[in-house]
Amino acid sequence: MKEFDEKEAINAMRAVLSDESSVLYDDDELLNVIDIIWDWYDDQGLLDIDTEADDEDINTDALIKHVGKMLAKDSDSPIRREDVEPLVMAELRYEQSLEEF
């Protein structure tokens, strides 16, 4: 299994954005989305060593809602609500691609 690479995850996330949206978000903003996702995993117990989380264990609707909620609380975040779902799904697809190696 290939290791998680933040730069590759960011590139995967940028690939789903329009050029207009992509220029609005610097890498730190996209890293913030990644951090929110991983914090949610931790809160759900999906990072526990004894937990074998499958893709089916991840409630994507709840995750997308959580990321949107956390970004809405951050008044400095430029990430648009309509970009939340594509960004989260791109990050999840990137994670799934790591299992192929």
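Our structure is the block above this text.
Nothing here was measured: the structure is a model prediction, and the numbers come from that model.

### Quick word on the environment of asparagine 32
Okay, step 1: Tracing the chain through its elements places asparagine 32 in helix α3 (residues 27–43).
Okay, step 2: Along the primary structure asparagine 32 and aspartate 42 are separated by 10 residues, whereas in three dimensions their C-alpha atoms are 15 Å apart.
Okay, step 3: Dropping the residues within four chain positions of it, asparagine 32 is found in contact with Leu71 and Asp74.

### Comments concerning the packing of aromatic side chains
Okay, step 1: Scanning all chains against the criterion turns up four aromatic pairs.
Okay, step 2: Ring geometry for phenylalanine 4 versus tryptophan 38: centroids 5.6 Å apart, planes at 75 degrees, classification edge-to-face. On the criterion of sequence distance, the pair formed by phenylalanine 4 in the segment before α1 (6–15) and tryptophan 38 in helix α3 is long-range, its members being 34 residues apart.
Okay, step 3: Judged by its relative accessible area of 29%, tryptophan 38 is partly exposed.
Okay, step 4: Between the aromatic rings of tryptophan 40 and tyrosine 41, the centroid separation amounts to 6.2 Å while the plane-to-plane angle is 55 degrees, which identifies the pairing as tilted.

### Let's talk about the packing of helix α4 (residues 60–73) against helix α5 (residues 81–98)
For any two helices packed against each other, one specifies the inter-axial angle together with the distance between the axes.
Okay, step 1: The contact between α4 and α5 brings their axes to 9 Å, and the two run at 130 degrees. If you check the angle between α4 and α5, you find them oblique. The crossing of α4 and α5 is right-handed. In this structure, α4 contributes Thr60, Leu63, Ile64, Val67, Gly68, Leu71 and Ala72 to the contact, and α5 contributes Arg81, Val84, Glu85, Val88, Met89 and Leu92.
Okay, step 2: Along the lines of polarity and charge, the residues of the contact of α4 with α5 split into nine nonpolar, two polar and two charged.

### A short note on the packing of α3 against α5
Okay, step 1: Following both chains from N to C, one finds α3 and α5 inclined at 70 degrees, their axes separated by 11 Å at the closest point. Our classification of the angle between α3 and α5 gives roughly perpendicular. Crossing handedness for the pair α3 and α5: right-handed. Facing Leu30, Ile34, Ile37, Trp38 and Tyr41 of α3, the residues of α5 in contact are Leu87, Val88, Glu91, Leu92 and Glu95.
Okay, step 2: For the contact of α3 with α5, the per-class residue count stands at eight nonpolar, no polar and two charged.

### Side note on the side chain of glutamate 95
Okay, step 1: As for its placement among the helices and strands, glutamate 95 is situated in helix α5.
Okay, step 2: Despite its burial, glutamate 95 remains without a salt bridge, the nearest opposite charge being carried by arginine 93 at 11 Å.
Okay, step 3: Excluding anything up to four places from it in sequence, glutamate 95 contacts Phe4, Ile37, Trp38 and Tyr41.

### Observations concerning the pattern of salt bridges
Okay, step 1: Under the defined criterion, the tally for this structure stands at four salt bridges.
Okay, step 2: For arginine 14, the salt bridge is made with aspartate 27, and the minimal N-O distance between the two is 3.0 Å. With arginine 14 in helix α1 and aspartate 27 in helix α3, this residue pair connects regions lying 13 residues apart in the sequence.
Okay, step 3: With its nearest N and O atoms 3.0 Å apart, the salt bridge here joins glutamate 20 to arginine 80. On the criterion of sequence distance, the pair formed by glutamate 20 in helix α2 (residues 19–22) and arginine 80 in the loop between α4 and α5 is long-range, its members being 60 residues apart.
Okay, step 4: Residue class for glutamate 20 comes out exposed when judged on its relative accessible area of 53%.
Okay, step 5: Linked through salt bridges whose partners overlap, the residues forming this network are Glu20, Arg80 and Glu82.

Reading the values: rules and limits
- Residues numbered from 1 in each chain as written.
- Predicted model: local features only at pLDDT ≥ 70, side-chain atom pairs only at ≥ 80, totals over all residues.
- Heavy atoms only, no water.
- Helix = DSSP H or I, 4+ residues; strand = E, 2+ residues; numbered from the N terminus.
- Contact = heavy atoms within 4.5 Å.
- Phe/Tyr/Trp six-rings, centres within 6.5 Å; stacked < 30°, edge-to-face > 60°.
- Buried < 20%, exposed > 50% of the residue type's maximum accessible area, 1.4 Å probe, protein only.
- Axes fitted to C-alpha atoms, helices over the stretch in contact; angles between N-to-C directions.
- Parallel < 35°, antiparallel > 145°, perpendicular 65-115°, else oblique.
- Left-handed = near helix turned anticlockwise from the far one by under 90°.
- Nonpolar A, V, L, I, M, F, W, Y, C, P; charged D, E, K, R; others polar.
- Lys, Arg positive; Asp, Glu negative; His and termini not counted.
- Salt bridge = Lys/Arg side-chain N within 4 Å of Asp/Glu carboxyl O.

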